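Descriptive structure summary
Each chain is listed here by its residues.
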Amino acid sequence: IATLPEPEVGITYLGWKGNTLISADVNQRIDVWDTVTWQHLATLSNSGSRQSIRAVALSPDGHHIAYSPDGVLEIVTIADLLSDAQESHHPDTAN
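Now for a look at the structure at hand. (Residues numbered from 1 in each chain as written. Predicted model: local features only at pLDDT ≥ 70, side-chain atom pairs only at ≥ 80, totals over all residues. Heavy atoms only, no water.)

Some details on the pairing of strand 6 (residues 64–69)
- Pairing analysis gives 4 bridges linking strand 5 (residues 53–58) to strand 6, with the strands arranged antiparallel. The partner of Ala57 across the bridge, within strand 6, is Ala66.
- If you look at the hairpin formed by strand 5 and strand 6, you'll find 5 residues sitting between the two strands, and Gly62 has a positive phi there, around 75°.
- Of the strand pairs in this sheet, strand 6 and strand 7 (residues 74–77) are connected by 4 bridges, and their pairing is antiparallel. Of the residues in strand 7, the one forming a bridge with Ala66 is Ile75. (Pairing = 2+ DSSP bridges. Helix = DSSP H or I, 4+ residues; strand = E, 2+ residues; numbered from the N terminus.)

Thoughts on the pattern of salt bridges
- Per the counting criterion, the structure on display carries 2 salt bridges.
- We note a salt bridge from Asp25 to Arg29, for which the minimum N-O separation is 4.0 Å.
- When its relative accessible area of 9% is taken as the criterion, Asp25 is described as buried.
- Overall, the relative accessible area of 34% leaves Arg29 in the partly exposed class.
- Residue Asp31 pairs with Arg29 through a salt bridge whose shortest N-O separation is 2.8 Å.
- On the basis of relative accessible area, Asp31 is assigned to the buried category, the value being 6%.
- The network of salt bridges with shared partners includes Asp25, Arg29 and Asp31. (Salt bridge = Lys/Arg side-chain N within 4 Å of Asp/Glu carboxyl O. Buried < 20%, exposed > 50% of the residue type's maximum accessible area, 1.4 Å probe, protein only.)

Structure, rendered in structure tokens:
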């Protein structure tokens, strides 16, 4: 069992499938966690929107996150979020 870092605001959703935990908070952030190492893997932010994320769900296979900002359904692949997070930590410096 692990204690995750305390969010700045309240958690509104937790979803756990296999080795993946997702949490959503009232600051319009969805975080992805590895439940083996308890490391934070990626963040999906809806901060550009004026409305909060109204609903969040983790797919039964644990590979997708569905969420609803601004009354529109969005579906993202967790693998894409992890890939984007790795690229932001290790930008390609060769030009």
